[in-house]
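Survey of secondary and tertiary structure
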Amino acid sequence: MSTVMGQIARFSSFVGKTFAVWVIIFAFLAYFSPATFTFLAPYISLLLGIVMFGMGLTLRARDFSEVFTRPLDVLIGVLGQFVIMPLTAYILCLLLGLPDEIAVGVILVGCCPGGTASNVMTFLGKGDVPLSVTITSCTTVLAPLVTPALIYLFANQWVEVDPWGMFMSIVQIVVLPIVAGVVVNTLFGKYVRQAVTVLPLISVVAIVAIVCAVVAVSQKQIAETGLLIFAVVVLHNGLGLFLGFMLGKLFKMSLPKRKALSIEVGMQNSGLGVALAMAHFSPLSAVPSAIFSVWHNISGPILATIFANMKDEESADKKPAEK
């Protein structure tokens, strides 16, 4: 039995590491054969709920401990997440004169909390992982209140926004599955730890299915506006990563903290953006989130590789003095 679990764990790890490849492959399949994947559209919220339940299984009380030991660092990260990305999205929409549905989609993904993949990227980039995990956890917990309010603030000029409806959606799609995961982890932690190795596989399958559903349903619109949306998503993500890093520099944080802040700010829970767009706006509004899901899983590993090879100037300065 342990041998089988070991093989599944290795396969799950491989799928997790090659996540971006699978998303791209299946996104292309859904684009060229949309009829094959349209059946997935009604299950987007359920699929995201499964991903969030998996996140809950990995959460413990200590994931919020940095709030008490380093409150300023966490506060800067949370504010950076909920100020930089929504504001950047709004400015890009105005400057580029985006069509209403696309503008709403770009703002929507900008107002989402941090994505769970950011913790892995921070680890690979030799950043401050505890800080990254805490910021992701805090922004996710705050999302039911903050995300609808931000979407109303920035997107209301393009479309009618229902903040209460979005609050309820986030509670159902994000908060309840995470709470359920935390409860299961608390009660059955011993068994959960054995199953956690399979989570990357489940998460990848669920997110790939979400992307396929959006691409399939919006194939015609993507054919017309896909390049424009892709360009905006790349700009949005790139600016978020850069401005997050500069925010850390502004507050004179150490290099590992700046890395964590950059990745936290730049990587979004784009699956939530897809689910909210499909439930409250239109399939075309979900496309920016779907493309963001593909792109930030390409830009994230690239940035993590660059970060891993960056030398901390402070450490370099201290070494001669120690000798």
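Residues numbered from 1 in each chain as written. Predicted model: local features only at pLDDT ≥ 70, side-chain atom pairs only at ≥ 80, totals over all residues. Heavy atoms only, no water.

**Side note on the overall build of the protein chain**
As a reminder of what qualifies: The way it works is that DSSP assigns letters per residue, a run of H or I at least four long becomes a helix, a run of E at least two long becomes a strand, and they are numbered from the N terminus. We compute the radius of gyration over the C-alpha atoms and compare it with the globule rule, which gives 2.2 Å times the number of residues raised to the power 0.38. Throughout, exposure labels follow a simple rule: accessible area from a 1.4 Å probe, protein chains only, divided by the maximum for the residue type, with under 20% read as buried, over 50% as exposed, and the rest as partly exposed. We call two residues in contact whenever any of their non-hydrogen atoms come within 4.5 Å of each other. Areas reported as accessible are Shrake-Rupley estimates using a 1.4 Å probe. Residue values count occlusion only from the protein chains shown. Counted charges follow a simple rule, with Lys and Arg positive, Asp and Glu negative, and His plus the chain ends left uncounted. The location of each charge is read from NZ of Lys, CZ of Arg, CG of Asp or CD of Glu.
If you tally the helices and strands in the protein chain, you get 16 helices and zero strands. In terms of overall size, the protein chain behaves like a compact globule, its C-alpha atoms giving a radius of gyration of 19 Å where 323 residues would be expected to give roughly 20 Å. Here the C-alpha coordinates of the protein chain stretch approximately 65 × 55 × 35 Å along the principal axes. The buried share of the protein chain, taken over its 323 residues, is 52%. Partitioning the intrachain contacts of the protein chain with sequence separation of at least 6 by distance along the chain shows that 85% fall at a separation of at least 24. Accessible surface for the protein chain amounts to roughly 15000 Å². Of this, 71% is attributable to carbon and sulfur atoms. Separation between the mean location of the 18 positive side-chain charges and that of the 15 negative ones in the protein chain comes to 14 Å.

**Some points on the packing of helix α11 (residues 199-217) against helix α12 (residues 219-250)**
Where we set the bar: Geometry is summarised by axes, namely lines fitted to C-alpha atoms with helices restricted to the contacting stretch, and by angles between N-to-C directions that run from 0 to 180 degrees. Orientation is classified from the angle alone, with under 35 degrees giving roughly parallel, over 145 giving roughly antiparallel, 65 to 115 giving roughly perpendicular, and any other angle giving oblique. Residues are grouped as follows: Ala, Val, Leu, Ile, Met, Phe, Trp, Tyr, Cys and Pro are nonpolar; Asp, Glu, Lys and Arg are charged; all remaining types, including Gly, are polar.
Viewed as axis vectors pointing N to C, α11 and α12 meet at an angle of 80°, and their least axial separation amounts to 5 Å. Of the possible angle classes, the one that applies to α11 and α12 is roughly perpendicular. Contacts between α11 and α12 involve Val215, Ala216 and Val217 from the first element and Gln219, Gln221 and Ile222 from the second. Partitioned by chemical class, the residues of the contact of α11 with α12 number four nonpolar, two polar and no charged.

**Quick look at helix α8 (residues 129-155)**
Using the following cut-off: The span expected for a helix works out to 1.5 Å for each residue beyond the first. Note on bend: the value at a residue is the angle between axes fitted to the seven residues ending there and to the seven starting there. Under the rule applied, a polar contact is a pair of N or O atoms within 3.5 Å (in protein, one hydrogen donor and one hydrogen acceptor; residues adjacent in sequence only if both atoms are side-chain atoms).
With 27 residues, α8 extends only 33 Å from end C-alpha to end C-alpha; this falls clearly short of the ideal 39 Å at 1.5 Å per step. Maximal helix bending in α8 amounts to about 70°, located at Ala143; proline Pro144 follows within four positions. Measuring from the backbone nitrogen of Leu131 back to the side-chain oxygen at the start of α8 gives 3.2 Å, which picks out Asp128 as the cap.

**Considering the environment of Ile50**
Mapped onto the elements of the fold, Ile50 is located in helix α3 (residues 44-58). In this structure, the C-alpha to C-alpha distance between Ile50 and Ile178, residues 128 residues apart in sequence, is 9.1 Å.

**Some thoughts on the packing of aromatic side chains**
Note the cut-off: Within 6.5 Å between ring centres, the rings of Phe, Tyr and Trp (the latter by its six-membered ring) count as paired, and their orientation is classed by plane angle as stacked under 30 degrees, edge-to-face over 60, tilted in between.
One pass over the full model with this rule turns up seven aromatic pairs. With centroids separated by 5.7 Å and ring planes inclined at 80°, the aromatic side chains of Phe230 and Trp295 adopt a geometry described as edge-to-face. Taken together, the residues Phe230 in helix α12 and Trp295 in helix α15 (residues 283-308) connect sequence positions 65 residues apart. Joined through ring pairs, the aromatic side chains of Phe28, Tyr31 and Phe32 make up one cluster.

**A look at the confidence of the model for the protein chain**
To be explicit about the condition: Confidence of the predictor in every single residue is expressed as pLDDT, which spans 0 to 100.
Considering every residue of the protein chain, the mean pLDDT works out to 82; 92% of them sit at 70 or more. Mean pLDDT across the elements of the protein chain ranges from a minimum in helix α16 (residues 313-322), with 48, to a maximum in helix α5 (residues 71-96), with 92. Counting contacts from residues 315-323, a segment whose pLDDT is below 50, to residues more than four positions away or on other chains yields zero contacts.

**Description of a nonpolar patch on the surface**
Using the following cut-off: Patch rule: a residue counts if its relative accessible area is over 30% and it has no salt bridge; like charges are joined within 9 Å, and nonpolar side chains (Val, Leu, Ile, Met, Phe, Trp, Tyr) within 5 Å. By salt bridge we mean one thing: a side-chain nitrogen of Lys or Arg within 4 Å of a carboxyl oxygen of Asp or Glu.
Together, Leu72, Leu75, Leu79, Val83, Leu87, Ile91, Leu95, Leu96 and Leu235 line one region of the surface with nonpolar side chains, adding up to about 830 Å² of accessible area. Considering the arrangement of structural elements, one finds Leu87 in helix α5. With relative accessibility at 37%, the residue Leu87 sits in the partly exposed group.

**Digging into the packing of helix α2 (residues 19-32) against α15**
Under the convention used in this document: Helix crossings get a hand from a simple test, with the near helix turned counterclockwise from the far one by less than a right angle marking a left-handed crossing and a clockwise turn marking a right-handed one.
Taken N-terminus to C-terminus, the directions of α2 and α15 make an angle of 145°; their axes are 9 Å apart at the nearest point. Of the two possible hands of crossing, α2 and α15 adopt the one that is left-handed. When α2 is examined against α15, the residues Phe19, Ala20, Val23 and Ile24 are found in contact with a partner set consisting of Val294, Asn297 and Ile298.

**Let's talk about the side chain of Asp73**
By the secondary structure assignment, Asp73 is in helix α5. Leaving out residues up to four positions away in the same chain, Asp73 has contacts with Leu131, Ile135, Met253 and Lys257.

**Here we look at unusual backbone geometry**
If you check the backbone angles, Lys126 has positive phi at about 60° while not being a glycine. Inspection of the secondary structure puts Lys126 in the loop between α7 (117-124) and α8. Residue classification places Lys126 among the exposed positions, given a relative accessible area of 57%. Even without a glycine there, the phi angle at Lys252 is positive, about 55°. Relative to the elements of secondary structure, Lys252 occurs in the loop between α12 and α13 (255-266).

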